[in-house]
Amino acid sequence: MASERTILTSRRLVKVFGDDAKEFLQNLVSCDVSELSTTSSAFGALLTPQGKILWDFFVFADESTDGFLIDVSADELDAFAKRLAFYKLRAKVTVEPADESVHVVAEWGDDLSADKPQDPRLAEMGLRYIATGEVEETTSEADYHAHRIGLGVPQSGQDFQLADVFPHDTDMDSLNGVAFSKGCFIGQEVVSRMKHRGTARKRIIKVSADGDLPASGGDILAGEKSVGALGSSAGGSGLAMLRLDRAKAAMDAGVPLMCEGVTLSPSIQAWATFNWPSSD
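The rules we used
- Residues numbered from 1 in each chain as written.
- Predicted model: local features only at pLDDT ≥ 70, side-chain atom pairs only at ≥ 80, totals over all residues.
- Heavy atoms only, no water.
- Helix = DSSP H or I, 4+ residues; strand = E, 2+ residues; numbered from the N terminus.
- Rg over C-alpha atoms; globule rule 2.2 N^0.38 Å.
- Buried < 20%, exposed > 50% of the residue type's maximum accessible area, 1.4 Å probe, protein only.
- Contact = heavy atoms within 4.5 Å.
- Areas by Shrake-Rupley, 256 points an atom, 1.4 Å probe, with all protein chains shown as cover.
- Lys, Arg positive; Asp, Glu negative; His and termini not counted.
- Charge placed at Lys NZ, Arg CZ, Asp CG, Glu CD.
- Pairing = 2+ DSSP bridges.
- Axes fitted to C-alpha atoms, helices over the stretch in contact; angles between N-to-C directions.
- Polar contact = N/O pair within 3.5 Å; in protein donor to acceptor, adjacent residues only side chain to side chain.
- Phe/Tyr/Trp six-rings, centres within 6.5 Å; stacked < 30°, edge-to-face > 60°.
- Lys NZ or Arg CZ within 6 Å of the ring centre and 35° of its normal.

*Asks:* Outline the overall build of the chain, supporting the account with residue identities and numerical values.
*Replies:* Each helix and strand in the chain was counted, giving 5 helices and 14 strands. For 280 residues, the compact-globule estimate of 2.2 N^0.38 gives 19 Å, and the chain sits close to it at 19 Å. Relative to its 280 residues, the chain shows a buried fraction of 50%. Looking at the chain alone, contacts between residues at least 24 apart form 70% of all its contacts between residues at least 6 apart. For the chain, the accessible area works out to roughly 13,300 Å², and carbon and sulfur atoms hold 46% of it. One finds the centroid of the 27 positive side-chain charges in the chain at a distance of 9 Å from the centroid of its 42 negative side-chain charges.

The following block contains the structure:
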């Protein structure tokens, strides 16, 4: 397929720069920002001390300040920047919103540029990069979300709510969102324990139906028992956060998963580092 390109207008950028910017971020966020370059980026989150996601985002190296640009939901821009500023204490760091002429661009398909950052979550997502000024768009942000949903990649605000879930619940451990090998960061102990003990029971996986799926947020039932909630969808393809053990038990018993009268067929993404729980 030919490449498609769109500005993600639902995203804004926060600038973080100063002598201590790299150390400051490295000690806060779940991803590794120590080796970022103009052709790479990182996907990560700022967590609570209890390990839940306060904000998820993408981090880019910023040549203009020798610092970083953080791509975050536009609705969360001010709250996120305020929280980062709260953490800086005496560090030599400046945190401020980037100019609105600086855009987040997504591009996917064939013949993609080799000198722009890939989406760090999944190669099939294509490119995700920063551009200033006019961008020649070939498609819409809605088409980007259909592409994302087709690959089974979740997004906060659509597939899960911030401050309510752990990185494992949202598949961040499978999407390069947690650098388990780097030093400490906020919430690191809890997230590492979940990884080593394999205690994540909720996961976001793909669901499909013969027709269009219901609106996001619908309760998914196995008989009369809730097993999860529907997230974003495009036509008959969507994402859902499910209790895998309960969903598997229902399927093994021949009980269909239903959402507002629509029968759902669940499947775990090919890229996932987890699987259905054992029936033993």
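*Asks:* Can you break down the environment of Gly152 residue by residue, with the values?
*Replies:* Mapping Gly152 onto the fold places it in the loop between α3 (141-151) and α4 (188-197). Here the alpha-carbon distance between Gly152 and Gly183, two residues 31 residues apart in the chain, equals 29 Å.

*Asks:* I'd like to hear about the sheet that holds strand β8 (residues 127-132), residue by residue, with values.
*Replies:* Picture the strands of a sheet paired through backbone hydrogen bonds; they go either parallel or antiparallel. The 3 strands are arranged β1-β7-β8 in an open sheet whose pairing can be described as antiparallel. For this open sheet the edge positions go to β1 (4-7) and β8, each flanked by a neighbour on one side alone. Strand-to-strand twist of the sheet, defined as the mean angle between neighbouring strand axes without regard to direction, takes the value 30 degrees. With 6 bridges joining them, strand β7 (residues 102-108) and β8 adopt antiparallel strand pairing. If you follow Val104 over to β8, its bridge partner there is Ile130.

*Asks:* Let's hear about the pairing of strand β2 (residues 11-17): which residues, and what values?
*Replies:* It is a general feature of regular strands that their side chains alternate between the two faces of the sheet. Extensive coverage of β2 is indicated by the burial of 5 of its 7 residues. Of the strand pairs in this sheet, β2 and strand β5 (residues 67-73) are connected by 6 bridges, and their pairing is antiparallel. When the sheet's bridge partners are listed, Val16 is paired in β5 with Phe68. The pairing of β2 with strand β6 (residues 94-97) spans 4 bridges and is classified as antiparallel. For Lys15, the partnering residue across the bridge sits in β6 and is Glu96.

*Asks:* Could you give me a rundown of the sheet that holds strand β4 (residues 53-62), with the residues and numbers involved?
*Replies:* The strand order across the open sheet built from 5 strands is β3-β4-β5-β2-β6, with neighbouring strands paired in antiparallel fashion. Pairing within the sheet leaves two strands with one partner each, and these edge strands are β3 (41-47) and β6. Within this sheet the neighbouring strands show an average axis-to-axis angle of 30 degrees, counted without direction. Helix-sheet contacts for helix α2 (residues 77-87) involve β2, β3, β4, β5 and β6, and the interaxial angle to β2 is about 15 degrees.

*Asks:* Explain the side chain of Ser232 to me, and be specific about the residues and the numbers.
*Replies:* Here Ser232 is to be found in strand β11 (residues 225-234). A distance of 3.2 Å separates the side chain of Ser232 from the side chain of Arg148, its partner in a polar contact. Residue contacts for Ser232: discarding those within four places in its chain leaves Arg148, Ile149, Gln158, Asp159, Ser216, Gly238 and Leu239.

*Asks:* Go over the packing of aromatic side chains with me, naming the residues and quoting the values.
*Replies:* Under the definition given, this model contains 5 aromatic pairs. Centroid distance Phe57 to Phe80: 5.3 Å. Interplanar angle 40 degrees. Geometry classified as tilted. Of this pair, Phe57 sits in strand β4 while Phe80 sits in helix α2, and the two are 23 residues apart along the sequence. Here Phe57 and Phe80 have matching classes, each one buried. In this arrangement the basic side chain of Arg128 is found over the ring face of Phe58, its NZ or CZ atom lying 3.8 Å from the centre. Here Lys195 stacks its cationic end above the ring of Phe180, 4.7 Å away from the centre of that ring.

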